[in-house]
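Each chain, written out:
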Amino acid sequence: MKRFMLILFVASIMLSGLSVMAQDGPTALSLWYHGAGNEVERSIIVQIIDDFNASQSTWAIELEEFPQESYNESIVAAALSGSLPDIIDVDGPVMPNWAWAGYLQPLNLSEGALDGFLPGTIGVWDGQIYSVGLWDAAVAIYARRSVLEANGIRIPTLEEPWTGEEFDAILETLQATGEFEYAFDLGMAWTGEWYPYAFSPLLQSFGGDIIDRSTYLASEDVLNGEAALAFGEWWQSLFDRGLAPGTSQDGADRDTGFIDGRYALQWNGNWAAIGALDAFGDDMLFLPAPDFGHGGIIGAASWQFGVSANSENPEGANAFIEFALQDKYLAAFSDGIGLIPSTPSAAALTKNYAPGGPLEVFFALSNEQALVRPVTPGYVVMALEFEKALADIANGADVQDALDAAVDAIEADIQNNNGYGFE
Amino acid sequence: MTTQAQPITRSRLFLPSGFSISLAGKYTLLILVALIFVLPILFMIFSSLKPEEQLLRDTASFRAFLPVGNLSLQNYEDAFRRVPMTTFVGNSILVTATTVALGLVVNSMAAFSFALLRWRAKNTIFSVILATFIVPFETFAIPLLLIVNTLPWLHIGLDGIYITQGWLNSHHVQIIPFIASAFQIFLFYSFFKDLPQEIVEAARIDGANSFQIYWRIIIPISGPVIATATILRILDMWNQFLWPLIVVQQEEYRPVMVGLQYFFQLDIAWGEIMAYLSTLTIPVLIVYLLLQRTFIESIASTGVKG
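1. So, the overall build of chain B
At step 1: Scanning chain B from N- to C-terminus turns up 14 helices and 2 strands.
At step 2: Its C-alpha atoms give chain B a radius of gyration of 26 Å, clearly above 19 Å, the size a compact globule of 306 residues would have.
At step 3: Along the longest, intermediate and shortest principal axes, the C-alpha atoms of chain B span 95 × 60 × 35 Å.
At step 4: Taken across its 306 residues, chain B has 40% of its residues classed as buried.
At step 5: In chain B, 67% of the contacts between residues at least 6 apart in sequence involve partners at least 24 apart.
At step 6: Accessible surface computed for chain B: about 17200 Å², of which carbon and sulfur atoms make up 68%.
At step 7: The average position of the 18 basic charges and that of the 17 acidic charges among the side chains of chain B differ by 12 Å.

2. Considerations on the interface of chain A and chain B
Bring the parts together and some accessible area is lost; that lost area is often taken as the interface size.
At step 1: Counting from both sides, the interface comprises 26 residues of chain A and, opposite them, 29 residues of chain B.
At step 2: Between chain A and chain B the total buried area reaches about 2400 Å² when both faces are included, carbon and sulfur atoms providing 58% of it.
At step 3: Summed over the shared surface of chain A and chain B, the result is 1 salt bridge.
At step 4: For A:Glu39, the salt bridge goes to B:Arg81, with nearest N and O atoms at 3.5 Å.
At step 5: There are 7 residue pairs in polar contact (both at pLDDT 80 or more) connecting chain A and chain B.

3. Looking at the sheet that holds strand 10 (residues 263-269) of chain A
Think of a sheet as strands paired side by side through backbone hydrogen bonds, with each pair either parallel or antiparallel.
Residues and elements named next belong to chain A.
At step 1: If you walk across this open sheet you meet the 4 strands as 9-10-8-11, and the pairing is mixed. Of all strands in the sheet, those bounded by a partner on one side alone are strand 9 (182-185) and strand 11 (284-287). For this sheet, the mean angle separating the axes of adjacent strands, direction not counted, is 20°.
At step 2: Here strand 8 (residues 139-144) pairs with strand 11 via 4 bridges, running antiparallel. Among the inter-strand pairings, Ala143 is bridged to a residue of strand 11, identified as Leu285.
At step 3: Sheet contacts for helix 7 (residues 194-206): strand 8 and strand 10; angle to strand 10, the most-contacted strand, approximately 110°.
At step 4: Set on the sheet, helix 14 (residues 360-369) makes contact with strand 8, strand 10 and strand 11; between it and strand 8 the angle comes to about 140°.

4. Observations regarding the nonpolar core
At step 1: Counting residues in hydrophobic clusters, the biggest one holds 131 residues, and the most contacted among them are A:Leu186, A:Trp194, A:Phe199, A:Trp235, A:Leu265, A:Trp267 and A:Phe362.
At step 2: Per-element accounting of this core gives the leading share, 8 residues, to helix 7 of chain A.
At step 3: Every residue in contact with A:Phe362, bar those within four places of it in the chain, is listed here: A:Ala138, A:Val139, A:Ala140, A:Tyr142, A:Gly269, A:Asn270, A:Ala273, A:Phe286, A:Ile340 and A:Tyr353.
At step 4: In terms of nonpolar packing, the next biggest core, distinct from the first, is built from 26 residues, B:Val200, B:Ala203, B:Val225 and B:Ile234 among them.

5. Some remarks on the side chain of A:Ser200
At step 1: Among the secondary structure elements, A:Ser200 is positioned in helix 7.
At step 2: A:Ser200 gets classed as buried once you look at its relative accessible area, which sits at 1%.

6. Regarding the pairing of strand 10 of chain A
The side chains of a regular strand alternate, first on one face of the sheet and then on the other.
Residue and element names in this part refer to chain A.
At step 1: Where burial is concerned, most of strand 10 is hidden: 7 out of the 7 residues are buried.
At step 2: With 3 bridges joining them, strand 9 and strand 10 adopt parallel strand pairing. Within strand 10, the residue paired with Asp185 across the bridge is Gln266.

7. Examining the pairing of strand 13 (residues 303-308) of chain A
Residue and element names in this part refer to chain A.
At step 1: For strand 13, a buried count of 6 out of 6 residues is recorded, marking the element as mostly surrounded by other parts of the structure.
At step 2: Summarising the sheet, strand 3 (residues 87-91) and strand 13 pair through 5 bridges and their orientation is antiparallel. When the bridges of strand 13 are listed, Val90 appears paired with Gln304.
At step 3: For strand 6 (residues 128-132) and strand 13, the ladder comprises 2 bridges, and the chain directions are antiparallel. Residue Val132 lies in a different strand from strand 13, and its bridge partner there is Phe305.

8. Quick look at the confidence of the model for chain B
As a general rule, the predicted coordinates of low-pLDDT regions are not to be interpreted in detail.
All names here are of chain B.
At step 1: Across chain B, the average pLDDT comes to 88, with 91% of residues at or above 70.
At step 2: Within chain B, helix 7 (residues 172-175) carries the highest mean pLDDT (97), whereas helix 14 (residues 270-302) carries the lowest (81).
At step 3: In the predicted assembly, ipTM is 0.78 and pTM is 0.82.

9. A closer look at the environment of A:Leu371
At step 1: Structurally, A:Leu371 is set in strand 15 (residues 370-372).
At step 2: Apart from residues no more than four positions distant in its own chain, A:Leu371 is found in contact with A:Gln204, A:Arg213, A:Ile297, A:Ile298, A:Gly299 and A:Ala300.

10. Overview of the packing of helix 2 (residues 39-55) of chain A against helix 12 (residues 327-337) of chain A
Residue and element names in this part refer to chain A.
At step 1: The contact between helix 2 and helix 12 brings their axes to 9 Å, and the two run at 165°. Here helix 12 runs roughly antiparallel to helix 2, going by the angle between their axes. Helix 12 is crossed by helix 2, and the crossing has right-handed handedness. Of helix 12, the residues touching helix 2 (which contributes Val40, Glu41, Ile44, Ile45, Ile48 and Asp51) are Tyr329, Ala332, Phe333, Gly336 and Ile337.
At step 2: Classifying every residue of the contact of helix 2 with helix 12 gives 8 nonpolar, 1 polar and 2 charged.

11. Let's talk about unusual backbone geometry
All names here are of chain A.
At step 1: Phi at Asp126 is positive, roughly 55°, even though this residue is not glycine.
At step 2: Structurally, Asp126 is set in the loop between strand 5 (122-125) and strand 6.
At step 3: Owing to a relative accessible area of 64%, Asp126 belongs among the exposed residues under this scheme.

12. Points about the packing of aromatic side chains
At step 1: Under the criterion given, the structure shown has 58 aromatic pairs over all chains.
At step 2: With a centroid separation of 6.1 Å and 75° between ring planes, the pair formed by A:Trp194 and A:Phe199 is classed as edge-to-face. No difference in accessibility class separates A:Trp194 from A:Phe199, as the two residues are buried.
At step 3: In this structure, B:Arg254 packs its charged tip against the face of A:Phe66, placed 4.7 Å from the ring centre.

13. Some thoughts on the confidence of the model for chain A
At step 1: Taken residue by residue, chain A gives an average pLDDT of 92. The fraction at 70 or more is 94%.
At step 2: Note that residues 12-22 of chain A has pLDDT below 50 and, in this model, 9 contacts with residues that lie over four places away or in other chains.

Rules behind the numbers
Residues numbered from 1 in each chain as written. Chains lettered and ligands numbered in written order. Predicted model: local features only at pLDDT ≥ 70, side-chain atom pairs only at ≥ 80, totals over all residues. Heavy atoms only, no water. Helix = DSSP H or I, 4+ residues; strand = E, 2+ residues; numbered from the N terminus. Rg over C-alpha atoms; globule rule 2.2 N^0.38 Å. Buried < 20%, exposed > 50% of the residue type's maximum accessible area, 1.4 Å probe, protein only. Contact = heavy atoms within 4.5 Å. Areas by Shrake-Rupley, 256 points an atom, 1.4 Å probe, with all protein chains shown as cover. Lys, Arg positive; Asp, Glu negative; His and termini not counted. Charge placed at Lys NZ, Arg CZ, Asp CG, Glu CD. Buried area = accessible area lost by both parts, 1.4 Å probe. Salt bridge = Lys/Arg side-chain N within 4 Å of Asp/Glu carboxyl O. Polar contact = N/O pair within 3.5 Å; in protein donor to acceptor, adjacent residues only side chain to side chain. Pairing = 2+ DSSP bridges. Axes fitted to C-alpha atoms, helices over the stretch in contact; angles between N-to-C directions. Core = buried A, V, L, I, M, F, W, Y, C linked by side-chain atoms within 4.5 Å. pLDDT = per-residue confidence, 0-100. Parallel < 35°, antiparallel > 145°, perpendicular 65-115°, else oblique. Left-handed = near helix turned anticlockwise from the far one by under 90°. Nonpolar A, V, L, I, M, F, W, Y, C, P; charged D, E, K, R; others polar. Phe/Tyr/Trp six-rings, centres within 6.5 Å; stacked < 30°, edge-to-face > 60°. Lys NZ or Arg CZ within 6 Å of the ring centre and 35° of its normal.

Structural data, given as C-alpha cells:
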C-alpha cells in the first residue's frame, strides 16, 4: 500500500510538472454568454472566437454558455464568489447596476471603434462606456395592409405616426368589425422585462417616465403625475373596453393570435417579424409607435459585451470585443437570429435590414424612435415595480393607487441604496 | 301486439355480481380524480410528439390529450441536439444517486441515535435539527455559497493529486451539502420511535453494540421508510435548480433542471420542452413504480406525506 501511494505521489508530481509546462502559450480569457440552447447564436459566437484565437497568439478565448432565463442569477452568484469571467455578456438595461455594483470595468476600445453604432447599442454609465452590443432590438405595431385599407385606416409613417386619439379610434374601429377577438395584442403573456421594455415607451410618449432622468433620484410626479395618470387610465381602458387581451393571456395565443387572424394589430419585436412575413408576405406592415403627445417612442438596448472588474487581462478582453464588432459579425448575428445590426454598414450586408430589405423599417425605427430604459443601477427594481403596477392596473386596480405604490417602492429602494451614487 | 317493458336487471346490464350503483359512482369519482393526475402527463407525452403549430392549436381543445394529428419523434431529435442531454441526465443521476445513498445512511443513523439511544442533550439537539427544517433553502443559499467557495478539496486526476480551494464547478458541491437532511432525520425518527423498545433491549442483552443493532435489527425492518425517504429525496435532488445554478458555471457539471432553461429562447420551443420533460420524467416514474407499494405502506404507517 505504501509503495502504491509513493508511486501515485511521484506520478502526480510528474503530471503536475507537465501541466505547468503545458501552460506556455496564449493566455486564456473566459467569456460567458447568455445563449445556451440557441444553436444559431452558438455557431456565430464560436466562429468569432475561433477567428479571434487564430488571428493572434497572445490570447485564447474560452466560451462558457448559460441559459438566458437564469443568466443574471449566475453572474450575481459568480460575483459573490469572486469567480467572474474576463468578458461578460450583459443585458443593456442591467449594465448600470452591474457597473455600479463593481462587476464591470469601463471599456478601453480604440478611437472611433464605435462610430456609426446605433445609440441603443452603446452602454454608457457615469460618463463612461461599459458595454457595447452587436445588435439592437426594436418594437413595432404589426398590421396587415389589407385590414387597414378595408377599414379606411391611414397607414402611418415615421414622419407622421398615428396620434394617440387616432390610434384609439382605430382600435375601436377594428374591434367593432367583429372580425377579431381583440383589436390590439400587447403581449401581456410575456412577463418580466417585456413590460418595461415594451410598455414604458408608451408612458413616455404620454409625457411620463419611470424615473426623473434629470436626477435619477425620484419618481414622484413622473410615474404618478398627470401624464402618467392619463397613460394609466388609457392603459386600463384597453382592457375594460375589451380591446386587448389582459394578463391572463395564454403564451400560445400570444405566439399565434396575430398570425391566425384573431388579433388585428400586435405590439411585437423584430425577432418575430420573419414569422409574420412568412405568414402574410407583402401584406405585412411594421408600423411606428403612436405619438401620444411626446413623440412616438420605442425601447432600445439589447445584450452587450463588457469586461468584468475581476479580469486580470482587460487588454485581451477589450481586444476580443473590438474584434467582434466587425461588420461581418454584426451581419452574421442579424442574419442568424433576426436582430438589428448595430451599424448601417453592417445592415447593408444583411438580407433583412439592407436598403430595400423586408425589415429595413426596424433599423429606421431603432434609429429614430428608440429611447434607452432608465440608465441607473436602480432600474432592476424599477422594472419589477413598473411591471407590477401595469399588471395591477390592467386587472382593475385604482390607477393612482397603483402608480403611487410603485413610486413609493422605487424611491424607498433608491434611498436604501444611498441614491445609487446620484446624490 | 303489445310489448311489455322489461325491468332492467343486473344481468341485462352485464354487471358482475356484487356490483352496485354506489360502487359505480365510487369508480366514476376515482376515475375522474385519476384523470386529474394522468391528463397532464398525457398532455406532456402527446405534445412531445406533435409539431409546434399543431401543439399550440391543440391546446384549445381536448385534442391536447390525444395522440392525434401529425406525430413524430422530431421534437426529441431537436431537443437532444439543443442540449447535451446525456451529460445533464448523467450528472443528475450521479448527484441524485450519491446524495440519496449517502443520505439514507447518514440520516437513518442520526434518527436511530435520536430515537433509540440515550445520550445527553439529545432532545435539545434534535429540536435544533428540526428547527432547521422550517428554514427555506433560499435564505441560506448565499452563505452556503460563500462557505463552499472557501473549502479545500483533494483533487485526484490524471493531472496529478493536489489540493484546490473552492468547490464550485464540481459534482461534490451538488452532493455534500444535501446529504444531511432534517426532514429525512425526522422521517426516520418517526418510524424508529414506534418500533418496540424491547427489540433493542433484547439485542443488547445478546451482546449487540449500537451499530449492530442499527445495521442488523433496525434497517432490515425499515423497508417502507427507506422507500419513502428514497422517493422523496430522489424528487428533491432530481429537481434541484437554484443551487446548481449558482455553484455550477460549466456545462459539464449542469443537471437536468438547469438544462431545461436552454429551451426558453425568444421563440419558445414547446414541443422540445415537452420532449425534454418526458425524457426526464420517465426515470422518476420508473423509480416510483418500483417502490410504490412500500412507499404507500410507509405513508400509511408514518402519516408523513411528501
